[in-house]
There are 2 protein chains.
Amino acid sequence: MVVNPYTIFAEIIAGTAEASRVHEDETAVAFMDIRPLTSGHVLVVPRQQFRTLEELPPEIGAHLFVVGQKVAAAVRASNPRVAGVNFFLADGTVAGQEIFHVHLHVIPRMIGDGFGLRARPSSPQRSELDRQATEIAAALTRS
Amino acid sequence: MVVNPYTIFAEIIAGTAEASRVHEDETAVAFMDIRPLTSGHVLVVPRQQFRTLEELPPEIGAHLFVVGQKVAAAVRASNPRVAGVNFFLADGTVAGQEIFHVHLHVIPRMIGDGFGLRARPSSPQRSELDRQATEIAAALTRS
């Protein structure tokens, strides 16, 4: 795996590419998504490039969430139509990750905005859920 | 707003309702979603009930993300079909929140799992993105 391939976020963070910024601190920046899923869609991005959740130091992940909470409150405060917010994060190509620089989506929600999840929820037996939980818990213990 | 309405999560956390648990610590618990959007879908839930992102103390939000990262790694490690992960959080009814006890979804992703976002992305003018960013930044400064 290439450690530091180019992404547009590096240029935005360096200030050499255009972005509509809403927040900056020592660890992260936040700016408007140029292909918003709903109006007011913001990305929260660590200054340093970590490609995936696995590479992302937990203290920086924690910071992304905290900035996301602040941005969520500000998005609600700045637009009375915003009645809710989704956080979304894609880790891996199969999960829809397109830019390999971890980023948290803050997606404002308004009635009739057309955004949602596409999914086929299932109802597994408790025995199957227990089996999965045992495997995941075992993997957590090994990590 | 009712401060502590009933949710099933309170009973799961108290141990009086069934759940397939994968992680517990002083601040949060994680267990299998009984209506998984994909196989292995886990919820990360603070022990204390906070209804919304606004009520959620940032240090607890930060912890949810960190536990989410650990669970994401464990879900990948426990199932070789899992090639990615989505984090999802719904804040507010319009955002799809059903249980008013903040929770982070950790959604394993596999090829052909049928999960995705339903959205109509737009391409606003830079002037419009700048206008939104200015308003959100102003709200951040006030908070």
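Coordinates for the structure precede this section.
Predicted model, so just to flag it, every value in this text is computed and none were measured.

Each helix and strand counted, chain A has three helices and six strands in total. Going from the N terminus to the C terminus, chain A shows its helices and strands as α-β-β-β-α-β-β-β-α. Referenced to the eigenvectors of the C-alpha coordinate spread, the extents of chain A come out at roughly 50 × 40 × 25 Å. Counting all 143 residues of chain A, 55% fall into the buried class.

At the interface, 71 residues of chain B touch 71 residues of chain A. At the boundary of chain B with chain A, total buried surface from both sides reaches about 6,300 Å², with 59% on carbon and sulfur atoms. Our count for the contact surface shared by chain B and chain A stands at four salt bridges. Along the contact surface separating chain B from chain A lie 34 residue pairs in polar contact (both at pLDDT 80 or more). Taken together, the elements giving at least two residues each to the side of chain B that touches chain A come down to β1 (21–24), α2 (58–78), β4 (84–91), β6 (116–118) and α3 (126–142) of chain B. Considering every element that reaches the side of chain B that touches chain A, the biggest residue donor is α2 of chain B, with 14 residues.

Here the focus is the side chain of Asp33 of chain A. For Asp33 of chain A, the location among the structural elements is in the loop between β2 (28–32) and β3 (42–46). A polar contact of 2.8 Å, which involves the side chain of Asp33 of chain A, links it to the backbone nitrogen of Arg35 of chain A. Not counting the four nearest positions on each side in its chain, Asp33 of chain A is found in contact with His41, Val42, Leu43 and His105 of chain A together with Leu129 of chain B.

Calculation criteria
- Residues numbered from 1 in each chain as written.
- Chains lettered and ligands numbered in written order.
- Predicted model: local features only at pLDDT ≥ 70, side-chain atom pairs only at ≥ 80, totals over all residues.
- Heavy atoms only, no water.
- Helix = DSSP H or I, 4+ residues; strand = E, 2+ residues; numbered from the N terminus.
- Buried < 20%, exposed > 50% of the residue type's maximum accessible area, 1.4 Å probe, protein only.
- Contact = heavy atoms within 4.5 Å.
- Buried area = accessible area lost by both parts, 1.4 Å probe.
- Salt bridge = Lys/Arg side-chain N within 4 Å of Asp/Glu carboxyl O.
- Polar contact = N/O pair within 3.5 Å; in protein donor to acceptor, adjacent residues only side chain to side chain.

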